[in-house]
Amino acid sequence: SDVYKRQEYMGSEQQAKYFKERNLRKRKDYNARIDPLKWIIRKAAEYLPEREIVVLLQVCRSWSLNLQPRLYKIYLERPESRINLQTRILIWLKISRLRDNRSIDYTELKARLQYTDKNSSLDELIMMDVQRSFHHHENISHLHLSNLLRLFALHNPDVSYCQGMNYIMGFLYIVLQKEDTCFKFFTTVIERYVWSLYKDNLGNMKLHFFILDRLVDVFIPEIGDHLRAEKIDSSLYSPAWLLTIFTNTFQYSKDKSHTLFVIWDRFLIEGVKALYKVIIYIFDRNKEMLLKMGYDEVIRFMHEITKMEFFSNNEYRAGSETESIVEDIKHYLKETKIPAALIHDLEKDFLQFHKS
């Protein structure tokens, strides 16, 4: 064939280059044919009911692999009134690739915990933190939550337990209502999504504070200038939000928080970057008020907002204040773009800053 005739006159490097270029041309041809179809399907999915989206994913394996992430994202970006809680939970589990955690044998891990020597200082810290959280919720006991956190410390001794994990575990248990599913999902969240926050005994938090301060400067320069003038940086208001993925706000909600659900939708799609967006949103929507505040007032406001209707909304009804809040933040998080290249550049700036 022509291919083998060409090979007679090519060196190994030339052959590699030839086949690489040929495969690239083939892929471009394939994408030119298939991309319009994918675009049409994705657009149509925005208006399809749940059962028909499932049918789309079952057409063939290729469609399922290529369309799943996009269709899940489309579903979670719908108006809150069109989202079913059980479907949302199922999508959360799928997005986080829960099934990949096959290395965790939950039953065996529980058995190991019974025969492991107790760490009195760790147990005391966990119990103390747990007793301070979720007083409004009857669906989880303090003992139950403590045991789940001790189990994670046994499973991942490098991270063990850090303050704030009690809120994440409690929120997930209340939402998921299944002990083993909750534990595996929690493990996935810590190890895949927020590992950079918790590693090195929280030593990497300075990087996130640096990035967040610069992002505030980029997106809301007036707020950035005002905070700098008041000598306020993100280490004074953001640690609890970042380390708990905003679940520390859930203790003030009696049933559910639609705002928190929306934040977790975006967090599972984008990771820590979504948490930056939420904080930027809070500044943006309260800009005029914050610009009139001094140091003490700003810090007080940033702590008190966790108890406000913005986070504690339970009832979602058409025309309600909750609907307005939830749809506004959902739209803001979707439309606000933080390029990966910008985050990468800020990480390089941080490293350079600390070297000098």
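Residues numbered from 1 in each chain as written. Predicted model: local features only at pLDDT ≥ 70, side-chain atom pairs only at ≥ 80, totals over all residues. Heavy atoms only, no water.

Details of the environment of G170
Rules: Here a strand is any run of E in DSSP of at least two residues, a helix any run of H or I of at least four, and the numbering for each starts at the N terminus. Residues count as neighbours in contact if any of their non-hydrogen atoms are within 4.5 Å of one another.
Tracing the chain through its elements places G170 in helix α9 (residues 165-176). Once the C-alpha coordinates of G170 and H142 are considered, the two residues, 28 residues apart in sequence, prove to be 9.2 Å apart. When residues no more than four places from it in sequence are discounted, the contact partners of G170 are F134, I140 and L145.

With respect to unusual backbone geometry
Notably, S160 is not glycine yet its phi reads approximately 60°, a positive angle. A positive phi is found at K231, a non-glycine position, where the angle reads about 60°.

Points about the packing of helix α8 (residues 142-155) against helix α10 (residues 179-193)
This is how it is decided: Working convention: axes come from line fits to C-alpha atoms, limited for helices to the stretch in contact. Angles between N-to-C directions cover 0 to 180 degrees. These descriptions rest on fixed angle ranges, namely under 35 degrees for roughly parallel, over 145 for roughly antiparallel, 65 to 115 for roughly perpendicular, and the rest for oblique. Helix crossings are classified by the rotation of the near helix relative to the far one: an anticlockwise turn of less than a right angle makes the crossing left-handed, while a clockwise turn makes it right-handed. Lys, Arg, Asp and Glu make up the charged group, whereas Ala, Val, Leu, Ile, Met, Phe, Trp, Tyr, Cys and Pro make up the nonpolar group; the residues left over, Gly among them, are polar.
Look at α8 against α10: their axes get within 11 Å of each other, and the N-to-C directions meet at 50°. In terms of axis orientation, α8 runs oblique to α10. Crossing handedness for the pair α8 and α10: right-handed. Within the contact between the two elements, α8 uses H144, L148, L149, L151, F152 and H155 and α10 uses E179, C182, F183, F186, T187, I190 and E191. Class assignment for the residues of the contact of α8 with α10 results in 8 nonpolar, 3 polar and 2 charged.

Notes on helix α12 (residues 205-219)
What counts here: A helix is expected to reach a length of 1.5 Å times the quantity of its residues less one. Whether a residue is buried, partly exposed or exposed follows from its accessible area with a 1.4 Å probe, protein chains only, as a fraction of its type maximum: under 20%, in between, or over 50%, in that order.
Helix length check: α12, at 15 residues, gives a terminal C-alpha distance of 21 Å against a target of 21 Å (1.5 Å per residue), a fit within 8%. Residues of α12 that are buried: M205, L207, H208, F209, F210, I211, L212, D213, L215 and V216. Residues of α12 that are buried in the fold lie against α11 (195-202), α13 (221-229), α14 (239-244), α16 (272-285) and α21 (340-355).

Overview of the pattern of salt bridges
Under the convention used in this document: One speaks of a salt bridge when a side-chain nitrogen belonging to Lys or Arg is within 4 Å of a carboxyl oxygen belonging to Asp or Glu.
What the rule picks out here adds up to 15 salt bridges. We note a salt bridge from E222 to K287, for which the minimum N-O separation is 3.5 Å. One end of the pair, E222, is in helix α13; the other, K287, is in helix α17 (residues 287-290), with 65 residues separating them in the sequence. Looking at E222, the relative accessible area reads 39%, which means it is partly exposed. With a closest N to O distance of 3.5 Å, D284 and R285 form a salt bridge. Since its relative accessible area comes to 23%, D284 is described here as partly exposed. Look at R285 and you get partly exposed, because its relative accessible area is 41%. Within the structure, one salt-bridge network assembled from shared partners comprises E77, R266, E270, K277 and K334.

Some thoughts on the packing of aromatic side chains
Rules: Ring pairs shown here join Phe, Tyr and Trp side chains whose ring centres sit within 6.5 Å, with only the six-membered ring taken for Trp; geometry is labelled stacked below 30 degrees between planes, edge-to-face above 60, and tilted in between.
One pass over the full model with this rule turns up 17 aromatic pairs. Ring centres of F171 and F250 lie 5.0 Å apart, and the angle between their planes is 80°; this geometry places the pair in the edge-to-face category. Of the two residues, F171 is situated in helix α9 and F250 in the loop between α14 and α15 (258-270); the sequence distance between them amounts to 79 residues. Note on F250: relative accessible area 0%, which makes it buried. Judged by centre distance (6.3 Å) and plane angle (40°), the ring pair of F171 and F261 falls under tilted. Residue F171 is found in helix α9, and its partner F261 is found in helix α15; the two are separated by 90 residues along the sequence. Accessibility assignment for this pair places F171 and F261 in one class, buried. In this structure an aromatic cluster arises from ring pairing among W92, F171, F185, Y193, F250, F261, W264 and F267.

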